[in-house]
Amino acid sequence: EAGVTQSPRYAVLQEGQAVSFWCDPISGHDTLYWYQQPRDQGPQLLVYFRDEAVIDNSQLPSDRFSAVRPKGTNSTLKIQSAKQGDTATYLCASSRDWGGYEQYFGPGTRLTVL
Amino acid sequence: SQWGEENLQALSIQEGEDVTMNCSYKTYTTVVQWYRQKSGKGPALIILIRSNEREKRSGRLRATLDTSSQSSSLSITGTLATDTAVYFCATEYQGGRALIFGTGTTVSVSP
């Protein structure tokens, strides 16, 4: 089975620019997660969905961040007006259903904000 | 933060040596998961231990869980250069399926 795919793999932008990250989870996985991983730290949850519904978005850093999963499959995470503090790797993960613990991670998008 | 004492931040060892890393957590969890992250990749689950288990083995991996002290350990025996990675422990976020990760232990295994 194909793994979680993410694009782009890298992004470099100036402060104030917007950027979107795209995630395609493993087919049949109904739960999708976005994590932010600053350099030399563990991943930190931003938001997660079951199907198209947001389960928890309380960890999104600010209203500059938004995430959608309109058809319960692919998902997009967007940062409006990026700041240097947003520099990190953004990881997408998916899992099969509420009964399963294992999350499958994509390779991430490494974002640098200059 | 969910995490108390953190793992040792970095370990450098030779192939064939054994290594153990620890983490402790603050709030109740039903399961502790250990993930391995190699350079340029996302984390991958390597072993999971439930709250009713004291020890779990998988190949060269051994995880322990002490719910009374809210701590867990991961041991790797007979390390290989391919074990070079960052190792994270993770627990449940607010009782759901999302995860809270520790800061991780970097293990470098030299051939």
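Below, the structure is looked at part by part. (Residues numbered from 1 in each chain as written. Chains lettered and ligands numbered in written order. Predicted model: local features only at pLDDT ≥ 70, side-chain atom pairs only at ≥ 80, totals over all residues. Heavy atoms only, no water.)

**As for the interface of chain B and chain A**
Our working rule: Whether two residues are in contact is decided by their heavy atoms: any pair within 4.5 Å suffices. When two parts are brought into contact, each loses some accessible area as probed by a 1.4 Å sphere; the total of that loss over both is the buried area. Salt bridges are counted wherever a side-chain nitrogen of Lys or Arg sits within 4 Å of a carboxyl oxygen of Asp or Glu. We define a polar contact as two N or O atoms separated by no more than 3.5 Å, with the added condition that, inside protein, one atom must be a possible hydrogen donor and the other a possible acceptor, whereas residues neighbouring each other in sequence contribute only through side-chain atom pairs. Here a strand is any run of E in DSSP of at least two residues, a helix any run of H or I of at least four, and the numbering for each starts at the N terminus. When residues are sorted by character, Ala, Val, Leu, Ile, Met, Phe, Trp, Tyr, Cys and Pro go into the nonpolar class, Asp, Glu, Lys and Arg into the charged class, and all the rest, Gly among them, into the polar class.
Each partner contributes residues to the interface: chain B has 23 residues there, and chain A has 23 residues. Across the chain B/chain A interface, buried area totals approximately 1,700 Å², and carbon plus sulfur atoms make up 54% of it. Among the residues of chain B in contact with chain A, Tyr93(B), Arg97(B) and Phe101(B) are the three that bury the most area, contributing 36% of the side total. Applying the counting criterion to the chain B and chain A interface returns zero salt bridges. Taken together, the connections running from chain B to chain A amount to eight residue pairs in polar contact (both at pLDDT 80 or more). Looking at the side of chain B that touches chain A, the elements that each hand over two or more residues are strand 3 (31–37), strand 4 (44–50), strand 8 (85–92) and strand 9 (99–101) of chain B. The leading source of residues in the side of chain B that touches chain A is strand 3 of chain B, at four residues. Residues of the side of chain B that touches chain A, tallied by class, amount to 10 nonpolar, nine polar and four charged.

**Quick word on the sheet that holds strand 8 (residues 75–79) of chain A**
Residue and element names in this part refer to chain A. Applicable threshold: Pairing between strands is defined by DSSP: at least two bridges between them are needed. Note on definitions: angles span 0 to 180 degrees between N-to-C directions of axes, and those axes are lines fitted to C-alpha atoms, for helices only across the stretch in contact.
Strand order in the open sheet made by the four strands is 1-3-8-7, with antiparallel pairing throughout. Two strands bound the open sheet, and with one partner strand each, they are strand 1 (5–7) and strand 7 (65–68). Ignoring strand direction, the axes of neighbouring strands in this sheet form an average angle of 15°. Looking at chain direction, strand 7 and strand 8 are connected through four bridges and run antiparallel. Looking across to strand 8, one finds that Phe 65 is bridged to Ile 79.

**Considering the pattern of salt bridges**
Residues and elements named next belong to chain B. Selection criterion: When accessible area is computed with a 1.4 Å probe and restricted to protein chains, residues below 20% of their type maximum are described as buried, those above 50% as exposed, and intermediate ones as partly exposed.
As enumerated under the stated definition, the model contains six salt bridges over all chains in all. Between Arg 57 and Glu 55 there is a salt bridge; the shortest N-O distance is 2.9 Å. Residue Arg 57 is classed as exposed on the basis of its relative accessible area of 58%. When its relative accessible area of 37% is taken as the criterion, Glu 55 is described as partly exposed. The partner of Arg 60 in a salt bridge is Asp 83, with the nearest N and O atoms 2.9 Å apart. Within this pair, whereas Arg 60 is found in the loop between strand 5 (55–58) and strand 6 (61–66), its partner Asp 83 is found in the loop between strand 7 (71–76) and strand 8, the two being separated by 23 residues in sequence. Judged by its relative accessible area of 2%, Asp 83 is buried.

**Comments concerning the state of the cysteines**
Just so we agree on the cut-off: Cysteine sulfur atoms are paired as a disulfide whenever they come within 2.5 Å of each other.
What the rule picks out here adds up to two disulfides over all chains. With its sulfur 1.9 Å from that of its partner, Cys23(A) forms a disulfide with Cys92(A). As the torsion about the S-S bond is roughly -70°, the Cys23(A)-Cys92(A) disulfide counts as left-handed. In this pair, Cys23(A) sits in strand 3 (residues 19–24) while Cys92(A) sits in strand 9 (residues 88–95), placing the two residues 69 residues apart along the sequence. Disulfide partner of Cys23(B): Cys89(B), at an S-S distance of 2.3 Å. Taken together, the residues span a long stretch of sequence, with Cys23(B) in strand 2 (residues 19–24) and Cys89(B) in strand 8 at a distance of 66 residues. The exposure class assigned to Cys23(B) is buried, which follows from its relative accessible area of 3%.

**Here's the deal with the environment of Lys38(B)**
Within the secondary structure, Lys38(B) sits in the loop between strand 3 and strand 4. For Lys38(B), a relative accessible area of 34% translates into the label partly exposed.

**Brief notes about the side chain of Arg69(A)**
Residues and elements named next belong to chain A. Note the cut-off: Positive charges are assigned to Lys and Arg, negative charges to Asp and Glu, while His and the chain termini are left out of the count.
With respect to the helices and strands, the residue Arg 69 is situated in the loop between strand 7 and strand 8. The buried charged residue Arg 69 lacks any salt bridge, with Asp 51 as its nearest oppositely charged partner at 5.3 Å. From its side chain, Arg 69 meets the backbone oxygen of Gly 72 in a polar contact 2.9 Å long.

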